[in-house]
2 protein chains.
Amino acid sequence: MKKITINDVAKYAGVSKKTISRVLNSEPNVSQDTKTKVHHAIKVLGYQPNPQARALASNQSLLIGLLYASQSNSFVSKIQVGALKRCKNDGYNLIIYPEDHESDLLLENLEKGLINTNLDGLILTPPFSDMKPLLSFLETRQIPFVRVGGDQSLNQHPSVYSNDKEASYEMCRYLISLGHQRIAFIMGHPDHAASKQRLLGYQQALDEASIKPIDDYIQQGFFTFESGEHCARKLLTLSRRPTAIFASNDYMATGIVKVAAQMNLFIPNDLTVTGFDNAPASRYIWPSLTTIKQPITEMAFEAARILIRIIRQKPIENPNIIFKDELIVRESSAPAPKLD
Amino acid sequence: MKKITINDVAKYAGVSKKTISRVLNSEPNVSQDTKTKVHHAIKVLGYQPNPQARALASNQSLLIGLLYASQSNSFVSKIQVGALKRCKNDGYNLIIYPEDHESDLLLENLEKGLINTNLDGLILTPPFSDMKPLLSFLETRQIPFVRVGGDQSLNQHPSVYSNDKEASYEMCRYLISLGHQRIAFIMGHPDHAASKQRLLGYQQALDEASIKPIDDYIQQGFFTFESGEHCARKLLTLSRRPTAIFASNDYMATGIVKVAAQMNLFIPNDLTVTGFDNAPASRYIWPSLTTIKQPITEMAFEAARILIRIIRQKPIENPNIIFKDELIVRESSAPAPKLD
DNA sequence: TCATAAAAAGACACCGGTGTCAATTTCTAA
DNA sequence: TTAGAAATTGACACCGGTGTCTTTTTATGA
C-alpha cells in the first residue's frame with residue numbers, strides 16, 4: 001500500500017505531472033476537458049499532495065506560528081506546554097487540532113487534516129482518548145498515537161493516566177476522617193471515562209468505612225457549572241441533607257457553592273464541598289475549593305516521550321504509565337457539623 | 001542574502017554534501033578530523049538544515065499533532081480555535097509556541113524554534129504583541145506577523161485590537177448610571193498595554209461625569225488573584241470606602257469578592273464589583289461577575305486572515321482593525337447604596 | 001487557406017536534503 | 001611489502017512537488 005504521488009495521477013490521467021500541478025493550484029490555461037480528467041483521476045486514486053514536497057518546491061512551509069504566554073494555567077495550555085517541552089527536545093514541533101468532539105464530522109475533518117499534514121504522530125486528550133472509532137481509525141491509518149488520561153481498560157494502546165479512582169478514594173477518606181458520614185457525590189459526564197473511575201473510588205471508600213450507600217446521594221452531572229447547580233439543589237433539599245458533597249470536577253463544585261450561598265448555608269461550617277481537577281476557578285472562588293490536582297503537564301511530557309519512541313521504533317519500557325494525583329486542601333472543607 | 005544550504009557547507013568544508021548529512025545526523029564512520037571541519041563550517045556559515053527538505057527526503061514530517069476538545073473556554077483555547085479556523089481554510093497549519101514572556105532567553109529560544117521550522121508567519125498575543133525587541137527581531141528576519149491586542153500606538157505593524165479604553169469607559173458609565181460616585185479602580189500588569197487603556201477609560205468617564213478623581217481609589221494590581229485581594233483590602237479599609245470597585249481583569253475581581261466576603265460585605269448590595277475579560281471564573285463564582293467580553297476568537301480569526309494576505313503579498317485593506325467589546329451585566333453590580 | 005497569435009500541455013531542471021552503492025583510503029596481518 | 005578487510009568518503013539517484021521555457025494544439029483574421 002504505497003502512497004499515491006503526483007506521478008501516479010499523471011500516469012492515470014494520461015497527462016504530465018505539471019498539468020496535475022496546474023489543476024491543483026488552479027493555475028490558468030488548462031482546458032475544461034483536462035481539468036475534468038485530472039479531477040477524476042485524483043478522486044479515483046484518492047490522491048493527497050505531499051505537503052513537505054510542496055513546501056520544498058515552492059519555498060513555503062504552510063505553517064503559521066502562534067506565540068502565547070505559557071504562564072496560562074488552563075488545561076489546554078498546560079498540556080501543550082508539557083508536550084511541547086519534550087517535542088522540542090527531539091526536534092519535533094507541535095501542530096494543534098482543536099476539534100469538536102461531539103461533531104459527526106470529526107473523523108472526516110481529522111482525515112483531511114492529518115493526511116494533508118503528514119503527521120508523524122498524535123497525542124490524544126480526553127475525551128478523544130476514549131473514542132474507539134477514532135482509535136481504530138488511527139490504527140488502520142498507521143498513525144502512531146499516545147492517549148493521555150481516559151479509560152484504563154483501553155490500555156492495549158500506549159497511554160498515560162492519572163489514577164482517578166485512587167484520588168477519588170483518597171478524597172473520600174479525607175472527608176470521612178473529618179467525621180462526615182453523609183457524603184454525596186456528583187458524577188461527571190458519561191462520555192468521559194474518568195467519571196466512572198471517580199465514582200468507583202467514592203463507592204469503595206464508603207464501603208470500606210461501612211457507610212451505607214444512599215441512592216439519592218449520587219447524582220448525575222455533566223461536568224458543567226449548571227449541572228452542578230442543578231444537582232446541588234436536589235441534594236440540599238433532601239430531608240436527610242448531606243454534610244459533604246464531592247463533585248467530580250471543580251466547575252460542578254462551584255455550582256454547589258453558588259446554590260449553598262443562595263440557601264444561606266455557610267461553607268465549610270454547614271456544608272463541605274470538594275471538587276476535582278484543580279481548575280483555576282477553584283483557587284479564585286470564595287471559599288477556595290478543596291480539590292484534586294492532576295499532574296497534567298508531566299503527563300503530557302511523558303506522553304510525548306513515549307510517542308517519539310514509538311515513532312522512532314524504539315522499544316518502550318512501559319506503555320501504560322500511571323501518575324499520582326494530589327489532594328489539595330483549601331477552605332471549602334471542615335469537620336462535619338454535629339447533627340441532631 | 002541567500003539561505004545557506006547543505007551545498008554551501010559542503011563547498012566550504014571541502015567535502016561532499018553526504019558527509020555533511022552524516023555529521024548532522026551523527027551517523028557512524030566519519031573521522032574526527034572531518035567532523036571538526038564540518039562543525040566549523042556549519043558554525044562559520046550559520047547553517048540551519050531545511051526541515052522541509054529533510055522531511056521530504058527522509059519521509060518524516062517532524063510534526064506531532066495534539067488533539068483536544070475545542071469546547072474549552074480558556075483564552076488559549078479561544079485564540080487557537082479562531083486562528084486555526086482561518087488557517088485551515090487556506091491550507092495552513094498552526095504550530096504553537098508557548099513561551100515564558102519573562103525569560104531572558106526568549107529571543108534566543110524563538111530564533112532556534114522559528115528558524116528551524118521555516119515558519120511562513122506568526123501571530124502574536126499579549127504580552128508579546130507589545131515587546132518591541134521581538135517586533136524588530138521579526139522584522140529583520142523578515143518573518144511576517146500580526147499582533148493581536150496590545151498597545152495601539154504600535155500600529156505601524158499590522159494589528160487587531162479590541163477597544164479596551166472604550167470598553168472601560170462604558171463600564172464606568174454603567175456604574176455611574178447606577179448612581180455610584182465612589183468608584184475605585186484596580187490597574188492591571190504594567191507590562192500589558194491594555195492596562196493603561198483601561199485606566200484611561202476609567203479616568204475619562206469619571207472626568208466627564210465631573211467626579212473628582214481620588215488617588216487612593218486607584219490601586220496598582222498585576223492581573224493576579226492575589227494582587228486583587230491585596231488591593232481590595234486597601235480599598236475596603238479606606239475611611240471613605242468606595243461603593244464600587246472596577247478591576248482591570250476578572251482574576252483580580254474575584255480577589256475582591258473573596259475579601260468582601262471575609263469582611264461581611266454583601267455583594268452587590270453593599271459593594272459593586274466588576275471585572276474585565278469574561279474569564280470562565282467570572283461565570284462560576286457567586287455572585288457572578290459583571291464584566292467585559294472581548295471577541296477573542298473573532299480577533300484571532302481576523303489576525304490569521306490578515307497574516308495570510310501578507311504572506312501571499314496581497315494588499316490588506318485595513319492593517320489596524322478594532323473590534324468592539326461587550327458589557328456583560330451579571331449579579332455583582334447593583335445601584336449604589338445610600339450613604340450617610 | 002494559411003500565417004500568426006493565443007492557449008494548452010509537456011520537458012526538464014530544481015528545491016535541499018537522504019539512501020544506496022561504489023570508490024578510495026587506511027589499517028591489519030601474513 | 002603487500003593482499004585483503006575495514007573504515008571513510010563520494011557520486012548520484014531520489015523524495016514529490018513547482019518554475020521556466022519549449023513545443024504542440026487550437027483559435028483568429030486576412
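Coordinates for the structure precede this section.
Residues numbered from 1 in each chain as written. Chains lettered and ligands numbered in written order. Predicted model: local features only at pLDDT ≥ 70, side-chain atom pairs only at ≥ 80, totals over all residues. Heavy atoms only, no water.

(A) Expanded view of the overall build of chain A. What chain A contains, in helices and strands, is 13 helices and 12 strands. A compact globule built from 340 residues would reach a C-alpha radius of gyration of about 20 Å, whereas chain A, at 26 Å, exceeds it by more than 25%. A principal-axis box enclosing the C-alpha atoms of chain A has dimensions of 90 × 40 × 35 Å. Counting every position in chain A, which comprises 340 residues, the buried fraction comes to 53%. In chain A, 69% of the contacts between residues at least 6 apart in sequence involve partners at least 24 apart. Accessible surface for chain A amounts to roughly 15300 Å². Of this, 51% is attributable to carbon and sulfur atoms. Charge-centre separation for chain A: the mean point of 38 positive side chains lies 7 Å from the mean point of 34 negative side chains. (Helix = DSSP H or I, 4+ residues; strand = E, 2+ residues; numbered from the N terminus. Rg over C-alpha atoms; globule rule 2.2 N^0.38 Å. Buried < 20%, exposed > 50% of the residue type's maximum accessible area, 1.4 Å probe, protein only. Contact = heavy atoms within 4.5 Å. Areas by Shrake-Rupley, 256 points an atom, 1.4 Å probe, with all protein chains shown as cover. Lys, Arg positive; Asp, Glu negative; His and termini not counted. Charge placed at Lys NZ, Arg CZ, Asp CG, Glu CD.)

(B) Molecular detail of the interface of chain B and chain A. Across the boundary between the two partners, chain B contributes 69 residues, which contact 69 residues of chain A. In total, about 6600 Å² of surface goes out of reach between chain B and chain A, with carbon and sulfur atoms giving 64% of it. The largest share of the area that chain B buries against chain A comes from Ile 64, Leu 66 and Leu 67 of chain B, three residues that together contribute 14% of it. For the pair chain B and chain A, the interface holds six salt bridges. Glu 331 of chain B is the salt-bridge partner of Lys 258 of chain A, the closest N and O atoms lying 3.4 Å from each other. Across the contact surface, chain B and chain A share 37 residue pairs in polar contact (both at pLDDT 80 or more). In terms of residue count, helix H5 (residues 75-89) of chain B provides more of the side of chain B that touches chain A than any other element does, eight residues in total. Of the residues belonging to the side of chain B that touches chain A, the class tally is 39 nonpolar, 21 polar and nine charged. With four bridges connecting them, strand S1 (residues 63-69) of chain A and strand S3 (residues 121-124) of chain B associate as parallel partners. Across the sheet, residue Leu 66 of chain A finds its bridge partner in S3 of chain B, namely Ile 123 of chain B. (Buried area = accessible area lost by both parts, 1.4 Å probe. Salt bridge = Lys/Arg side-chain N within 4 Å of Asp/Glu carboxyl O. Polar contact = N/O pair within 3.5 Å; in protein donor to acceptor, adjacent residues only side chain to side chain. Nonpolar A, V, L, I, M, F, W, Y, C, P; charged D, E, K, R; others polar. Pairing = 2+ DSSP bridges.)

(C) Broad picture of the pattern of salt bridges. One pass over the structure, following the stated rule, counts 30 salt bridges over all chains. As a salt-bridge pair, Glu 99 of chain A and Lys 88 of chain B come within 3.2 Å of each other at their nearest N and O atoms. On the criterion of chain membership, the pair formed by Glu 99 of chain A in strand S2 (residues 93-99) and Lys 88 of chain B in helix H5 is interchain, its members lying in two chains. Judged by relative accessible area, Lys 88 of chain B falls into the partly exposed class, the value being 39%. The partner of Arg 198 of chain B in a salt bridge is Asp 164 of chain B, with the nearest N and O atoms 2.8 Å apart. Of this pair, Arg 198 of chain B sits in helix H9 (residues 193-208) while Asp 164 of chain B sits in helix H8 (residues 164-177), and the two are 34 residues apart along the sequence. Just as Arg 198 of chain B is buried, Asp 164 of chain B falls in that class too.

(D) Spatial organisation of the protein's contact with DNA strand C. What surrounds DNA strand C is a group of 27 residues, the closest being Ser 16, Arg 22 and Thr 34 of chain A together with Ile 6 and Ser 21 of chain B. In this structure, Arg 22 of chain A approaches DNA strand C through a side-chain N or O atom, which is 2.4 Å from a base oxygen. Here a phosphate oxygen of DNA strand C and a backbone polar atom of Ile 6 of chain B are 2.6 Å apart. Of all the secondary structure elements, the ones that give two or more residues to the surface near DNA strand C are helix H2 (17-24) and helix H4 (51-58) of chain A together with helix H2 (17-24) and helix H4 (51-58) of chain B. For the surface near DNA strand C, the leading source of residues is H4 of chain B, giving five residues. Of the residues in the surface near DNA strand C, the class split is 10 nonpolar, 12 polar and five charged. (Near = heavy atom within 4 Å.)

(E) Structural context of the relation of the copies chain B and chain A. The two copies are related by a screw operation: chain B maps onto chain A through 180° of rotation and 0.1 Å of translation along the axis, at an RMSD of 0.2 Å. On this basis, the relationship between the two copies can be described by a two-fold rotation axis. Both copies present the same face, since 100% of the interface residues in chain B are matched by interface residues at the equivalent positions in chain A. (Least-squares fit on C-alpha atoms with pLDDT ≥ 70 in both.)

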